[in-house]
Amino acid sequence: MKLRSALAASLVATGLLISSCQAVLATEQENTLRIEHAQGTTQVPLNPKKVIILNPATLDNADALDIPVAGAPKNSAHLPAFLAKYQGEGYLNAGTLFEPDYEALVNAKPDVILAGGRAHDAYDKLSEIAPTLALDVDPQNFVASLTQRIEQLAALFDKQQQAKTLLTAFNAKIADIKAKSANTGTALVIMINGGKMAAYTPGSRFGFIYDVLGFKPAASFKQTGRHGNVVSSEFILQSNPEWLFVLDRDNAIGRKEGQSAQQVLDNPLIRKSKAWKNQHVVYLDSSSLYIAGGLQSYSRLMDTVSAALDKAAQ
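As annotated in an unreviewed UniProt entry, the chain carries the name Iron ABC transporter substrate-binding protein and is attributed to Erwinia typographi. The UniProt entry for the chain carries the following comment under Sequence similarities (unreviewed entry): "Belongs to the bacterial solute-binding protein 8 family." We quote the UniProt Subcellular location (unreviewed entry) comment for the chain here in full: "Cell envelope".

Caption draft 1: Focus on helix α13 (residues 295-313). For α13, spanning 19 residues, the distance from its first C-alpha to its last is 27 Å, which sits close to the expected 27 Å at 1.5 Å a residue. All buried positions along α13 are accounted for by Leu295, Gln296, Ser297, Tyr298, Ser299, Leu301, Met302, Val305, Ser306, Ala308 and Leu309.

Caption draft 2: Spotlight on the pattern of salt bridges. Enumeration according to the criterion identifies seven salt bridges in this entry. Aspartate 303 serves as the salt-bridge partner of lysine 173, at 2.9 Å between the closest nitrogen and oxygen. One end of the pair, lysine 173, is in helix α6 (residues 160-181); the other, aspartate 303, is in helix α13, and 130 residues separate them in sequence. A residue is classified by how much of its surface remains accessible, and aspartate 303, at 41% relative accessible area, is partly exposed. What you see here is one network of salt bridges that share partners, running through Asp176, Lys180 and Asp310.

Caption draft 3: Structural context of the confidence of the model for the chain. Of the residues in the chain, 90% reach a pLDDT of 70 or more, and the chain-wide mean stands at 90. A low-confidence stretch, residues 1-29 stays under pLDDT 50, and its non-local contacts, those more than four residues away or across chains, total one contact.

Caption draft 4: Seen up close, the pairing of strand β12 (residues 243-248). Extensive coverage of β12 is indicated by the burial of six of its six residues. By the alternation rule, side chains of β12 split into Trp243, Phe245 and Leu247 and Leu244, Val246 and Asp248, which are all buried. Bridge analysis of strand β8 (residues 186-193) against β12 gives six bridges, and the strand direction is parallel. Considered in β12, the bridge of alanine 187 is made with tryptophan 243. As paired elements, β12 and strand β13 (residues 281-283) share three bridges and run parallel to each other. Each residue of the ladder has a partner; that of leucine 244, found in β13, is valine 281.

What counts, and where the lines are drawn
Residues numbered from 1 in each chain as written. Predicted model: local features only at pLDDT ≥ 70, side-chain atom pairs only at ≥ 80, totals over all residues. Heavy atoms only, no water. UniProt positions renumbered as here; feature names shortened; annotations may be inferred. Helix = DSSP H or I, 4+ residues; strand = E, 2+ residues; numbered from the N terminus. Expected span 1.5 Å × (residues − 1). Buried < 20%, exposed > 50% of the residue type's maximum accessible area, 1.4 Å probe, protein only. Salt bridge = Lys/Arg side-chain N within 4 Å of Asp/Glu carboxyl O. pLDDT = per-residue confidence, 0-100. Contact = heavy atoms within 4.5 Å. Pairing = 2+ DSSP bridges.

What follows is the structure, given as structure tokens:
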């Protein structure tokens, strides 16, 4: 009986080994990669040729990796200057940031669609057209999440070495700024939209300056709020930050009417704040951060912040 049991176990083990080998071979033959993303897990062909990207943050990352792109949103999409080429004639018009052009996508027959972001609700329909990934980055775990998304793109398009180089440079910038920001005082990150101001907190959409770069928040709020917390000039003077980092939403979306962020802040109350007096009001590249928000956007943010810190140290 023992001999028979041992023989049966051996046959089972052999069968499992054969099945395992067959699974590996099948994966190699199919030439696909299984990717976990924000809206599920999807089997995607390696090195897809026709790639449609609906999420500007993913487009930012793909552009950094020199991944060929066949199409992107063009309607009502105000992409930052460094991504504006994707709205040119050489690229398929994939619709708007929120509403894909399904007919155009069906006719284009893409190998993969990189969606998520503002196109989150379109995922099921897009998945019927082609394998669809939502490579969103988690703002509450930004660096680790961004690293994962870059590495997933790199694995899919065989860009691992390029990704490693980019991420090494990105992390070096973080370390450099954290060393500089350690004793620079408090900060407040605000967005100006239609003449109104909203402040962002650690853990929020624009919490990178606190969470990653090490600036201490000048004020606290009960909620992080995706759209920030409404504040006034009086509030900013009361919290009196050493640094004021400013995003201009109107500029980001191409709205020309109304006051600019600079005009909104140039008032008697703000002029009394430490940030204003010490010339520590830093205007960020709003278009790249608000519309895109990938690796290149945040690299640009860090270049701006680093330059401001260097200037303050002189």
